[in-house]
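Descriptive analysis of the structure
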Amino acid sequence: MTILILGATSAIAQAYARRRAGEGARFVLAGRRQDRLAAIAADLIACGAAAADPFVVDLTAIDGIEETARALRARFGEFDEALIAYGLLGEQVVSEQDPHAARVMFDTNFTSAALWALALLKDRPAAVPFTLVAIGSVAGDRGRASNFIYGAAKGALDRLLEGLAQKYGGSPVRIITIKPGFVDTPMTAGIPKGGPLWATPDAVAADIARAVAKGRRVVYTPWFWRPIMLIIRHLPWFVFKRLKI
Ligand SMILES: NC(=O)c1ccc[n+]([C@@H]2O[C@H](COP(=O)([O-])OP(=O)(O)OC[C@H]3O[C@@H](n4cnc5c(N)ncnc54)[C@H](OP(=O)(O)O)[C@@H]3O)[C@@H](O)[C@H]2O)c1
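Everything numeric in this text was worked out from a predicted model, so none of it was measured.

Our focus in this paragraph is the layout of surface pockets. Quantified by volume, the second largest pocket comes out at close to 190 Å³. In this structure, the second largest pocket is lined by Asp-207, Arg-210, Ala-211, Lys-214, Arg-216, Val-218, Val-219, Tyr-220, Pro-222, Trp-223 and Arg-226. Elements supplying a minimum of two residues to the lining of the second largest pocket: helix H7 (201–214) and strand E9 (218–221). The element contributing the most residues to the lining of the second largest pocket is H7, with four residues.

What follows is the structure, encoded as structure tokens:
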């Protein structure tokens, strides 16, 4: 079992990899920080991984994705699973005013992630099982005043994965979208924490592991975000427009 993790320094990805390391999985850890990737690789080996290879790459270098994906597959063979974990919360007030900042948000959270998904699926032998997992967000379910730039990118990724899942339906390829709510990770360092809506990276990782084992399509994590987002998605506009969320 070889698992490619794009954005292996993510706290959620690390917690997930630790869980899978115990099964003796082999990992390819892609990210931009050599020192952190090396430390995470050593940790995974200590947790039981059969192998853990850091792979330093700029995941958001849009024009190089296809070639890098080909190089990864040539070097490590066909992956059994890939997790697209990297993402950028950014600052909505900045992105609204600065087109460059907005573009970085779209490129990081949607365009590059979408191109990675397509590149990893391209030219795969049809009969070989493969699981593609991508971390979206509940923020992608409805555009809200406070974070619609991040939300738009995650929502677009959600649509792409939905279409891919339909395309590969009935084949051994699984496409799984993970939608976390609030998770206590470096990404949310600037947000006041606490309360029942906050989850740990390990709780989210446990849900991802279950989703992969059961071949789920869309997983809200923790589970209570599914009913919450069901309500938020269906609120009529005259109610929704008044909410300060
Ligand atoms: N935390 C939450 O509340 C929450 C909620 C919903 C969804 N999510 C999603 O969960 C995923 C994992 O995030 P996390 O919570 O585990 O946060 P995290 O620990 O801060 O990890 C973020 C990851 O994204 C990478 N990254 C950020 N900007 C990048 C860029 N421009 N180029 C390449 N890599 C970049 C980081 O790499 P470096 O280590 O090199 O910086 C890191 O690996 C993300 O897709 C995020 O959108 C998080």
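Further remarks concern the pairing of strand E2 (residues 26–31). For E2, a buried count of five out of six residues is recorded, marking the element as mostly surrounded by other parts of the structure. Where strand E1 (residues 2–6) meets E2, five bridges bridge the pair, whose relative direction is parallel. When the sheet's bridge partners are listed, Leu-4 is paired in E2 with Val-28. Handedness of the E1-helix H1 (residues 11–21)-E2 crossover: right-handed. Summarising the sheet, E2 and strand E3 (residues 51–56) pair through six bridges and their orientation is parallel. Its bridge partner lying in E3, Arg-26 is registered against Ala-51. What joins E2 to E3 is helix H2 (residues 34–46), and the crossover it makes is right-handed.

Moving on: the nonpolar core. Membership of the largest hydrophobic core comes to 32 residues, with the highest contact counts inside it found for Ile-5, Phe-27, Leu-29, Leu-44, Leu-83 and Ile-208. Secondary-structure elements contributing two or more residues to this core are E1, H1, E2, H2, strand E5 (130–135), strand E6 (173–180) and H7. Of all the elements, H1 adds the most residues to this core, at six residues. Non-local contacts of Leu-83, meaning those with residues more than four positions away in its chain, are made with Leu-4, Ile-5, Leu-6, Ala-13, Tyr-16, Val-133 and Ile-135. By size, the runner-up hydrophobic cluster in this structure holds 31 residues, among which are Ala-30, Ala-69, Ile-84 and Leu-161.

Once that is clear, we can look at H1. Among all positions in H1, only Ile-12, Ala-13, Ala-15, Tyr-16, Ala-17, Arg-20 and Ala-21 are buried. Capping the start of H1, Ser-10 holds a side-chain oxygen 3.2 Å from the backbone nitrogen of Ile-12, two or three residues further along.

So, on to the site of the ligand. Of all residues adjacent to the ligand, which total 25 residues, the nearest are Thr-9, Arg-33, Tyr-150, Val-183 and Thr-185. Here Lys-154 contributes a side-chain N or O atom positioned 2.9 Å from an oxygen atom of the ligand. In the complex, 90% of the free accessible area of the ligand, which totals 890 Å², lies under the protein chains. Only H1, helix H6 (148–167) and strand E7 (182–183) provide two or more residues apiece to the shell around the ligand. Of the residues in the shell around the ligand, the class split is eleven nonpolar, eleven polar and three charged.

Criteria and cut-off values
- Every chain is numbered on its own, with residues counted from 1 as its sequence reads.
- With the structure being a predicted model, the display of local features is reserved for residues of pLDDT at least 70 and the display and counting of side-chain atom pairs for 80 or more, all residues being used for whole-chain, interface and lining totals.
- Hydrogens and waters are ignored; side-chain quantities use all the structure's heavy atoms.
- A 1.4 Å probe that fits but cannot get out identifies a cavity on a 1 Å grid over protein atoms alone, an open set with protein on both sides within 12 Å along at least five of seven lines counts as a pocket, and a residue lines either if it has an atom within 4 Å of a point.
- Grid points are joined across faces, edges and corners, and a volume is the space filled by probe spheres set on the points.
- Elements are defined by DSSP. Helices are runs of H or I of four residues or more, strands are runs of E of two residues or more, and each kind is numbered from the N terminus.
- In this scheme, a residue with accessible area under 20% of its type's maximum is buried, one over 50% is exposed, and one in between is partly exposed, where area comes from a 1.4 Å probe on protein chains only.
- For two strands to pair, DSSP has to find at least two bridges joining them.
- Handedness of a crossover: with both strands directed away from the viewer, a clockwise path from the first strand across the helix to the second marks it as right-handed.
- Remark: nonpolar core denotes a set of buried residues (Ala, Val, Leu, Ile, Met, Phe, Trp, Tyr, Cys) joined through side-chain atoms within 4.5 Å.
- Note on definitions: a residue-residue contact is assigned when non-hydrogen atoms from the two residues lie within 4.5 Å.
- Think of a polar contact as two N or O atoms within 3.5 Å of one another; within protein, one of them needs to be a possible hydrogen donor and the other a possible acceptor, and neighboring residues in sequence only count if both atoms come from side chains.
- Throughout, the term near means that a residue has one or more heavy atoms lying within 4 Å of the molecule or strand in question.
- The accessible surface values rely on the Shrake-Rupley method and a 1.4 Å probe; as for residues, cover is taken only from the protein chains in view.
- Amino acids outside the nonpolar list (Ala, Val, Leu, Ile, Met, Phe, Trp, Tyr, Cys, Pro) and the charged list (Asp, Glu, Lys, Arg) are all regarded as polar, and Gly is one of them.

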